[in-house]
Amino acid sequence: MKKETHVLERPPEDAAADWTIPQDWSAYTAEEHATWDKLFARQAKLLPGRASAAYLKGLEALRLSESGIPNFEELSERLMQLTGWQVVAVPGLVPDDVFFDHMANRRFVAGNFIRRPDQLDYIQEPDVFHDVFGHVPMLADPVFADYLEAYGRGGMRALELGALKQLGRLYWYTVEFGLIEEAEGLRIYGSGIVSSSAESVFALDSDSPNRIRFDMQRVMRTDYRIDDFQQNYFVIPSFEALLRETVETDFAPLYAEILAQPDIPIAAILPGDGVITRGTQAYAEGKG
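Values in this document were obtained by computation on a predicted structure and should not be read as measured data. (Residues numbered from 1 in each chain as written. Predicted model: local features only at pLDDT ≥ 70, side-chain atom pairs only at ≥ 80, totals over all residues. Heavy atoms only, no water.)

Notes on the overall build of the protein
Inference 1: When helices and strands are tallied, the protein shows 13 helices and seven strands.
Inference 2: For the protein, the spread of C-alpha atoms along the three principal axes comes to 55 × 45 × 40 Å.
Inference 3: Across the 288 residues that make up the protein, the buried fraction comes to 54%.
Inference 4: Surface accessibility of the protein: about 13400 Å² in total, with carbon and sulfur atoms responsible for 51%.
Inference 5: On the protein, the mean spot of the 27 positive side-chain charges and the mean spot of the 45 negative ones are 4 Å from each other. (Helix = DSSP H or I, 4+ residues; strand = E, 2+ residues; numbered from the N terminus. Buried < 20%, exposed > 50% of the residue type's maximum accessible area, 1.4 Å probe, protein only. Areas by Shrake-Rupley, 256 points an atom, 1.4 Å probe, with all protein chains shown as cover. Lys, Arg positive; Asp, Glu negative; His and termini not counted. Charge placed at Lys NZ, Arg CZ, Asp CG, Glu CD.)

Focus on the pattern of salt bridges
Inference 1: Applying the stated criterion across every chain, the model contains 16 salt bridges.
Inference 2: Among the ionic pairs, Glu-149 bridges to Arg-153, the shortest N-O distance being 3.0 Å. Placement of the pair is Glu-149 and Arg-153 together in helix H6 (residues 142-161), with a separation of four residues, close to one helical turn.
Inference 3: In this structure, Lys-287 engages Asp-228 in a salt bridge whose closest nitrogen and oxygen atoms are separated by 2.8 Å. (Salt bridge = Lys/Arg side-chain N within 4 Å of Asp/Glu carboxyl O.)

As for the pairing of strand E6 (residues 232-236)
Inference 1: Counting buried residues along E6, five of its five residues qualify, which places the element largely inside the surrounding structure.
Inference 2: Taking every second residue as pointing to the same face, both faces of E6 are buried, with Asn-232, Phe-234 and Ile-236 on one and Tyr-233 and Val-235 on the other.
Inference 3: Pairing analysis gives two bridges linking strand E3 (residues 179-182) to E6, with the strands arranged parallel. Paired with Leu-179 across the strands is Val-235, a residue of E6.
Inference 4: Inspection of the sheet shows strand E5 (residues 210-213) paired to E6 by four bridges, in the parallel sense. (Pairing = 2+ DSSP bridges.)

Observations regarding the sheet that holds strand E4 (residues 185-188)
Inference 1: An order of E4-E3-E6-E5-E7 is seen for the five strands of this open sheet, with the pairing classed as mixed. Two strands in the sheet have a free side with no partner beyond their single neighbour: E4 and strand E7 (275-277). On average, adjacent strands in this sheet sit at an angle of 35° to one another, irrespective of strand direction.
Inference 2: In this fold helix H9 (residues 197-205) packs onto E3, E4, E5 and E6, with an angle of close to 155° to the strand it touches most, E4. (Axes fitted to C-alpha atoms, helices over the stretch in contact; angles between N-to-C directions. Contact = heavy atoms within 4.5 Å.)

Side note on the packing of helix H1 (residues 30-46) against helix H5 (residues 128-139)
Inference 1: Interhelical geometry of H1 versus H5 gives an angle of 35° and a closest axis separation of 11 Å. Seen from above, H1 lies across H5 with right-handed handedness. Listed contacts from H5 to Trp-36, Leu-39, Phe-40 and Gln-43 of H1 are Val-128, Phe-129, Val-132 and Phe-133. (Left-handed = near helix turned anticlockwise from the far one by under 90°.)

Observations regarding the packing of H6 against helix H11 (residues 239-248)
Packed helices, taken two at a time, are described by the angle their axes make and the gap between the axes.
Inference 1: H11 packs onto H6 with a crossing angle of 25° between their chain directions and a minimal axis gap of 9 Å. Considered as vectors, H6 and H11 are oriented roughly parallel to each other. Where H6 crosses over H11, the two elements pack in a sense that is left-handed. Of H11, the residues touching H6 (which contributes Val-143, Phe-144, Asp-146, Tyr-147 and Ala-150) are Phe-239, Glu-240, Leu-242, Leu-243, Thr-246 and Val-247.
Inference 2: Split into classes, the residues belonging to the contact of H6 with H11 amount to eight nonpolar, one polar and two charged. (Parallel < 35°, antiparallel > 145°, perpendicular 65-115°, else oblique. Nonpolar A, V, L, I, M, F, W, Y, C, P; charged D, E, K, R; others polar.)

Quick look at helix H12 (residues 251-259)
Inference 1: Listed as buried for H12 are Phe-251, Leu-254, Tyr-255 and Ile-258. The buried residues of H12 occupy an angular sector of 100° when the element is viewed end-on, so they sit on one face.
Inference 2: Buried residues in H12 make contact with H6, helix H7 (164-176), helix H10 (216-220) and H11.
Inference 3: Here H12 starts with a cap whose side-chain oxygen sits 3.4 Å from the backbone nitrogen of Ala-252, and that cap is Asp-250. (Arc of directions from axis to C-beta. Polar contact = N/O pair within 3.5 Å; in protein donor to acceptor, adjacent residues only side chain to side chain.)

Quick notes on the packing of aromatic side chains
Inference 1: Counted under the stated rule, the structure contains 21 aromatic pairs.
Inference 2: Here Tyr-173 and Tyr-224 contribute two aromatic rings whose centre-to-centre distance is 6.2 Å and whose plane-to-plane angle is 90°, an arrangement assigned as edge-to-face. Of the two residues, Tyr-173 is situated in helix H7 and Tyr-224 in the loop between H10 and E6; the sequence distance between them amounts to 51 residues.
Inference 3: One aromatic cluster in this structure is built from Trp-36, Phe-40, Tyr-55, Phe-129 and Phe-133. (Phe/Tyr/Trp six-rings, centres within 6.5 Å; stacked < 30°, edge-to-face > 60°.)

Side note on the confidence of the model for the protein
Inference 1: A residue-level look at the protein finds 97% of positions with pLDDT of 70 or above and a mean pLDDT of 94.
Inference 2: The low-confidence segment residues 1-5, where pLDDT is below 50, has three contacts with residues more than four positions distant or belonging to other chains. (pLDDT = per-residue confidence, 0-100.)

Focus: the nonpolar core
Inference 1: Val-132, Tyr-147, Leu-148, Leu-170, Met-220 and Phe-239 are the most contacted members of the largest nonpolar core, which has 82 residues in total.
Inference 2: Not counting chain neighbours up to four residues away, the residues in contact with Val-132 comprise Trp-36, Leu-64, Pro-70, Phe-72, Leu-75, Ala-110 and Pro-137. (Core = buried A, V, L, I, M, F, W, Y, C linked by side-chain atoms within 4.5 Å.)

Written out as structure tokens, the structure reads:
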């Protein structure tokens, strides 16, 4: 039996040259819409008091709801009015250069498939719930929307400079698994956290992970987990600060400096780190 996967070597026949495909919203089954509703309802109960103000505001402004998988055309109309972004459907993970080009042009690529009912708690490849519920509300925030566009432009340069792994860590520790310090305390904004019921709790409440103040070079040197809860979370002071550092940094000399240094192991604490929480790492160590 062939393993189900959405990692493709080339665009399928019905895809455009930029890998986009029709969402084909009318083809979703009642079971698929019900899966979205179940996931949405679970996260909607968890996120108030945990998610960043920008995320919650975006969720409301885009009118995402427990009423089935969103239609990308309707969603894009609302998003375009707010920040000039749109959501485009793709068949799965796309090549890096394609991903960066879409992002640099304010097009967010989203898988048009949804996980099976027996995959509610974990799916290896990002589906429409992760991509739309997890990512798109943050695109309604003008500052974060600018950050992602800048990241897309930076991705093209990273490809040329051989620093894709280093830049990818920045995406991982901000866009996917970032925390922000707000007046009320630490809040989550990374899509990998806000779309996960278990990590929405773990990221803020567990004494296991390290929570470290964001530093661009530190983040770009730090390995990460792809198969379980994170052992490090990096905390930004504001989205404005993240955007400012991204657009003001000359990445060529930064990459040259980073590439000459060893990677930082997962869970390591360095002398210069701004440690908010020194984790016990009990969860990771207990997994063996």
